[in-house]
Number of protein chains: 2
Amino acid sequence: MTLADLRRDDPRPRAGTPAAIEALRARFGARLLTGEDVRRAHGHTTTYISNQMPDAVIHATSEEEVQAVVLACAAHGAPLVAFGVGSSLEGHVNAPEGGISLDLSRMDRLLKVDAEDFDCTVEPGITREALNAQLRDTGLFFPIDPGANASLGGMAATRASGTNAVRYGTMRENVIGLTAVLADGRIVRTARRAKKTAAGYDLTRLLVGSEGTLGIITKLNLRLYGIPEAILSGVCPFPDVESACRTVIQTIQAGIPVARIELLDALAISAAISYSKIDLPHSPCLFVELHGSQAGVAEQAEFFGLIAAENGGGPLAVATKAEERAKLWKARHDFYWASLTLRPGAKAIATDVCVPISKLAVCIADTQADADEAGLIAPIVGHVGDGNFHVTLLIDTDDPAEIDRAEGFIGRLSRRALDLDGTCTGEHGIGQGKRAYLDDELGEAVDVMRQIKAVLDPGNILNPGKIFPNL
Amino acid sequence: MTLADLRRDDPRPRAGTPAAIEALRARFGARLLTGEDVRRAHGHTTTYISNQMPDAVIHATSEEEVQAVVLACAAHGAPLVAFGVGSSLEGHVNAPEGGISLDLSRMDRLLKVDAEDFDCTVEPGITREALNAQLRDTGLFFPIDPGANASLGGMAATRASGTNAVRYGTMRENVIGLTAVLADGRIVRTARRAKKTAAGYDLTRLLVGSEGTLGIITKLNLRLYGIPEAILSGVCPFPDVESACRTVIQTIQAGIPVARIELLDALAISAAISYSKIDLPHSPCLFVELHGSQAGVAEQAEFFGLIAAENGGGPLAVATKAEERAKLWKARHDFYWASLTLRPGAKAIATDVCVPISKLAVCIADTQADADEAGLIAPIVGHVGDGNFHVTLLIDTDDPAEIDRAEGFIGRLSRRALDLDGTCTGEHGIGQGKRAYLDDELGEAVDVMRQIKAVLDPGNILNPGKIFPNL
């Protein structure tokens, strides 16, 4: 089996799909969509994993409709793939066995804000930007920011995180409870609205990160946070990645509650300088953001600057005003577009791993050396407070040999992370793209996952071909 | 069925236990203990739930021994109850169906500290005090503090939390990964050492809080935190519980990162004053603790004092020196002993619920009124930043009528929490004591838990009679 085979399954249509489609047509009429464009738009459309389109698409508008679709698919053994905005990077929304793509983007309401409880209840199709726009008047916000303007349902299903997970955690920590339709049509609510509970198995965390293979999320109860009184941003250059990583470790050890701490390596900085026209030295940089009181963030920034200087870094350029901060973070936020300038015409393939933070510098250095050796352009940005980093490969995706080289590189990167007791994916998920590494990462624990999958979805209708090798 | 019936099952010995004991005697010889004293010490010994002793006790000294015991019990269908220090409050270590109590207290090593990664790896029998004593030289600590000097394995199994969960989270957030022996003897490791991961189902969180019913934890990888530069403690009286709760909500809304924020109601304060000889008004008080830099905690304390004053509370009495802080928190830490002075000769029965914080004041007020009506002495202390509070009932446990009244009260308390969209247990767990409320709390989700239990432990050998009504 080649690496390419491991990424995606060959199409394997299911016998029951036509009958399920007929049943759904009876219920949904013209709302059951089978045009090729809409089907292709509901297969995988990011990175190099080939699009595998579903046989039909339905936009659900209510929990009851979700249940009806699940029951029809269950009755006929047809695959069912939940779809949010399609920003997954590892092929999660592909339909290798065909079936129905259940688009939840129209279930996008903010149902309830309980401001005193710092929580809200949303439908799965709401995006994080829409959610925060609607929360603005409450003085609260939902922090998790995976980069893309993803749907909250998709973010929960893939256990997303992003730049400020170092302070606020990931979707794992910020979903209080959820409601899901299981493979047999049962609607279950996993937790009440209390902030903590010791009542029974943690089904919330079981569904978060299950990538649509155990249930279709129809409601989410989310933790919110007060918008901080003061936000301070800073950029600090370092002579090398190692001194930047040492600074991150010492910053956390000192108890400085950084909200974001992002590394851009020299190549990523070069791209940012030329694309965003910012004034920085051509060396690795840490971008930091501090949340707190005016005095608090100023004190923290000073302390951070001292730690950076001790490690040979600096000077720290700070900004507290919104427009200055926006400018400072522009280089980070525009990184995807900036990276494309490193090789005009190429496509960017993003992959991620996460290692214990003490192993981060060596993991990045070995990865840079590997990219050089493989002749790949591979800038690195990282949520380094968590030991999580992304490599963006700039690839001619029309060249199969180059894709093979990229796949080889991604395979070595994943195994390098595992050798350092890390994970093959810190936040992108397994999907189709990382299935080859899951057994190596977790061994017999993957069999336990398979048992849970088998007992909750015996017909394997929910998002087949994802997470598990050979399922 | 009476409430008393719901708390504990009648003894129901399993036919396979004698054969399992014979097999284990062949392996463990004199280390298989069957004396009545040691057996009774390994049944439930706290609160009013009757002791139900196992048929034999084995102190495991290695993962391999744990596996051997599991395999012997599995082969003969004998029950197996994991035991840490026995500080559970809801009957978790009782053996209603007899079988083996597997005592893990001798597996108590701190195996590894990765200071730069802010994590450590421990055996399950280490207690939190022993762990923090051994960590002292590293500048790091493990924050979770459920009151009792519990074992880390037991704390993970019951998803324990405590006074500083408002800042540091619960065991849910602080176990990075764990190793467990499953009911069929498989040894699985649920996660690598990376701080976050998106690789597969979250088996870590499935085992955390599973109360020994899905696996026996043999190793834990735990998050650690830097010991803060400065710690500031304070006590602040309030005219009533409502104004104290409003202060807590506004404190969190203001983004003040309180490490602890504890409520003692007027009755609890009275007990504390007379027992601990502290100088406080006879009214509800908030005990707060702030962790940070010197300037940071001073600023936060000032801000907290202003919020308290706006709600009619104050003055805030603060302390930063270790001995002053110790004195200030003495009343809180000694609360159990203090409460006993409210009714000399009585036993204390502790129960807990957790509600959305906006419902906390009404839940406490209704609970106080209920206790008055039922003629029960029931001081209240709470981890109010999480909406979690404890009621300590002072009961003559030799009087069955009084126990029935206490049980009626606990039942109403649990249902009151559920009516407010809270949970019947914020941190004590379900065990035997709260089984009657789980279905009401989570409905069909409990069936999903049962399916997972059935597929991973088809012989129901791991801690039978816990969590699930009628299992």
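Treat the numbers as computed from the prediction; the structure is a model and nothing was measured.

Rules used throughout
Residues numbered from 1 in each chain as written. Chains lettered and ligands numbered in written order. Predicted model: local features only at pLDDT ≥ 70, side-chain atom pairs only at ≥ 80, totals over all residues. Helix = DSSP H or I, 4+ residues; strand = E, 2+ residues; numbered from the N terminus. Rg over C-alpha atoms; globule rule 2.2 N^0.38 Å. Buried ≥ 20, exposed ≤ 12 C-beta atoms within 10 Å, placed from the backbone. Contact = placed C-beta atoms within 7 Å. Domains from an automatic or database assignment. Nonpolar A, V, L, I, M, F, W, Y, C, P; charged D, E, K, R; others polar. Axes fitted to C-alpha atoms, helices over the stretch in contact; angles between N-to-C directions. Parallel < 35°, antiparallel > 145°, perpendicular 65-115°, else oblique. Left-handed = near helix turned anticlockwise from the far one by under 90°. Pairing = 2+ DSSP bridges. Least-squares fit on C-alpha atoms with pLDDT ≥ 70 in both. Core = buried A, V, L, I, M, F, W, Y, C linked by C-beta atoms within 7 Å. Expected span 1.5 Å × (residues − 1).

Structural notes on the overall build of chain A
Then, in step 1: Helix and strand counts for chain A stand at 18 helices and 18 strands.
Then, in step 2: A globule of 471 residues ought to have a C-alpha radius of gyration of about 23 Å, and chain A, at 22 Å, matches this closely.
Then, in step 3: Here chain A holds 471 residues, and the buried ones make up 58% of them.
Then, in step 4: Taking contacts inside chain A between residues at least 6 apart in sequence as the whole, the part at least 24 apart equals 71%.

Quick notes on the interface of chain A and chain B
Then, in step 1: Listed per partner, the contact involves 77 residues of chain A and 77 residues of chain B.
Then, in step 2: Ranked by residues supplied to the side of chain A that touches chain B, first place goes to helix α18 (residues 445-456) of chain A with 8 residues.

Examining the domain arrangement of chain A
Residues and elements named next belong to chain A.
Then, in step 1: We note that the domain assignment places domain 1 (3-105 + 451-456), domain 2 (110-226), domain 3 (230-337) and domain 4 (341-438) within chain A.
Then, in step 2: Computed from C-alpha coordinates alone, the two centres of domain 1 and domain 4 are separated by 28 Å.
Then, in step 3: Each partner contributes residues to the interface: domain 1 has 14 residues there, and domain 4 has 18 residues.
Then, in step 4: Of the residues assigned to the side of domain 1 that touches domain 4, the class counts are 6 nonpolar, 5 polar and 3 charged.

Structural notes on the packing of helix α10 (residues 241-253) of chain A against helix α15 (residues 360-374) of chain A
Residues and elements named next belong to chain A.
Then, in step 1: At their nearest, the axes of α10 and α15 sit 9 Å apart, and the two run at 155 degrees to each other. Here α10 lies roughly antiparallel to α15, going by the angle between them. Along this stretch, α10 crosses α15, giving a crossing that reads as right-handed. The residues of α15 that touch α10, namely those facing V241, E242 and C245, are L360, A361, I364 and A365.
Then, in step 2: The residue inventory of the contact of α10 with α15, partitioned by class, reads 6 nonpolar, no polar and 1 charged.

Observations regarding the sheet that holds strand β5 (residues 110-114) of chain A
Residues and elements named next belong to chain A.
Then, in step 1: Read from one edge to the other, the open sheet built from 5 strands follows the order β5-β6-β10-β8-β9, with strand pairing classed as antiparallel. What marks the edges here is a single partner per strand, and that holds for β5 and β9 (187-189). With direction set aside, neighbouring strand axes in the sheet form an average angle of 15 degrees.
Then, in step 2: Here strand β8 (residues 175-182) runs beside strand β10 (residues 215-223); their pairing, made up of 7 bridges, is antiparallel. The partner of L182 across the bridge, within β10, is G215.

Things to note about the pairing of strand β14 (residues 285-292) of chain B
Residue and element names in this part refer to chain B.
Then, in step 1: Counting buried positions over the 8 residues of β14 gives 8, a clear majority of the element.
Then, in step 2: Burial of the side chains of β14 extends over both faces: C285, F287, E289 and H291 are buried on one face and L286, V288, L290 and G292 on the other.
Then, in step 3: Pairing of strand β12 (residues 230-237) with β14, which is carried by 8 bridges, proceeds in the antiparallel orientation. By the bridge assignment, S233 is partnered in β14 with E289.

Observations regarding the relation of the copies chain A and chain B
Here the two chain copies are tied together by a rotation about an axis and a shift along that axis.
Then, in step 1: Structural alignment of chain A on chain B gives an RMSD of 0.0 Å, achieved by rotating through 180 degrees and translating 0.0 Å along the axis. The transformation relating the two chain copies, once decomposed into turn and shift, fits a two-fold axis.
Then, in step 2: Most of the interface of chain A is mirrored in chain B, where 100% of its interface residues again form contacts.

Digging into the environment of L263 of chain B
Residue and element names in this part refer to chain B.
Then, in step 1: Relative to the elements of secondary structure, L263 occurs in strand β13 (residues 258-264).
Then, in step 2: Linking L263 and N388, residues 125 residues apart in sequence, is a C-alpha distance of 10.0 Å.
Then, in step 3: In contact with L263, not counting residues within four places along its chain, are A244, P284, L286, V381, G382 and V384.

As for the sheet that holds β13 of chain B
All names here are of chain B.
Then, in step 1: With respect to topology, 7 strands assemble into an open sheet ordered β15-β12-β14-β13-β17-β18-β16, the strand pairing being antiparallel. The sheet is open, and its two edges are formed by β15 (317-319) and β16 (347-354), each paired on a single side. Neighbour-to-neighbour, the strand axes of the sheet open up by a mean angle of 20 degrees, direction not taken into account.

Concerning the nonpolar core
Then, in step 1: Counting residues in hydrophobic clusters, the biggest one holds 294 residues, and the most contacted among them are V69 and L102 of chain A together with V69 and L102 of chain B.
Then, in step 2: Residues within four places of V69 of chain A in sequence aside, it is in contact with L24, I58, A60, L80, I100 and L102 of chain A.

Section: unusual backbone geometry
All names here are of chain A.
Then, in step 1: Omega for the bond connecting G314 with P315 falls within 30 degrees of zero, at 0 degrees, which places this linkage in the cis form.
Then, in step 2: The backbone of R159 shows a phi angle near 55 degrees, a positive value even though the residue is not glycine.
Then, in step 3: Tracing the backbone shows R159 in the loop between α6 (152-157) and α7 (165-168).
Then, in step 4: One non-glycine residue, N460, adopts positive backbone phi at about 50 degrees.
Then, in step 5: Looking at where N460 falls in the secondary structure, it is placed in the segment after α18.

So, helix α16 (residues 400-419) of chain A
Then, in step 1: Given a rise of 1.5 Å per residue, 20 residues ought to cover 28 Å, and the 28 Å separating the end C-alpha atoms of α16 of chain A matches this to within 8%.
Then, in step 2: Regarding α16 of chain A, the residues found buried are A406, E407, F409, I410, L413, S414, A417 and L418 of chain A.

A look at the pairing of strand β2 (residues 56-59) of chain B
Residues and elements named next belong to chain B.
Then, in step 1: Taken together, the 2 bridges between strand β1 (residues 32-33) and β2 define a ladder with antiparallel strand orientation. Paired with L32 across the two strands is I58, which belongs to β2.
Then, in step 2: Pairing of β2 with strand β4 (residues 100-103), which is carried by 4 bridges, proceeds in the parallel orientation. When the sheet's bridge partners are listed, V57 is paired in β4 with S101.

Section: the environment of I21 of chain B
Residue and element names in this part refer to chain B.
Then, in step 1: With respect to the helices and strands, I21 occurs in helix α2 (residues 17-28).
Then, in step 2: For the pair I21 and C120, spaced 99 residues apart in sequence, the C-alpha to C-alpha distance is 35 Å.
Then, in step 3: Aside from chain neighbours lying at most four places away, what touches I21 is L32, D55 and A56.

Focus on the packing of helix α12 (residues 294-310) of chain A against helix α12 (residues 294-310) of chain B
Helix packing geometry: the angle between the two helix axes and the distance between the axes.
Then, in step 1: One can describe the packing of α12 of chain A onto α12 of chain B by two numbers: an axis separation of 10 Å at closest approach and a directional angle of 175 degrees. Considered as vectors, α12 of chain A and α12 of chain B are oriented roughly antiparallel to each other. Here α12 of chain A contributes A295, G296 and E299 of chain A to the contact with α12 of chain B, which in turn contributes A295, G296 and E299 of chain B.
Then, in step 2: Classifying every residue of the contact of α12 of chain A with α12 of chain B by side-chain character gives 2 nonpolar, 2 polar and 2 charged.

A word on the environment of C245 of chain B
Residue and element names in this part refer to chain B.
Then, in step 1: Looking at the element boundaries, C245 is found in helix α10 (residues 241-253).
Then, in step 2: The class of C245 is buried, set by 28 C-beta atoms lying within 10 Å.
Then, in step 3: Along the primary structure C245 and V362 are separated by 117 residues, whereas in three dimensions their C-alpha atoms are 9.7 Å apart.
Then, in step 4: Once you skip the residues sitting within four places of it in the chain, C245 turns out to touch L360, A361 and V384.

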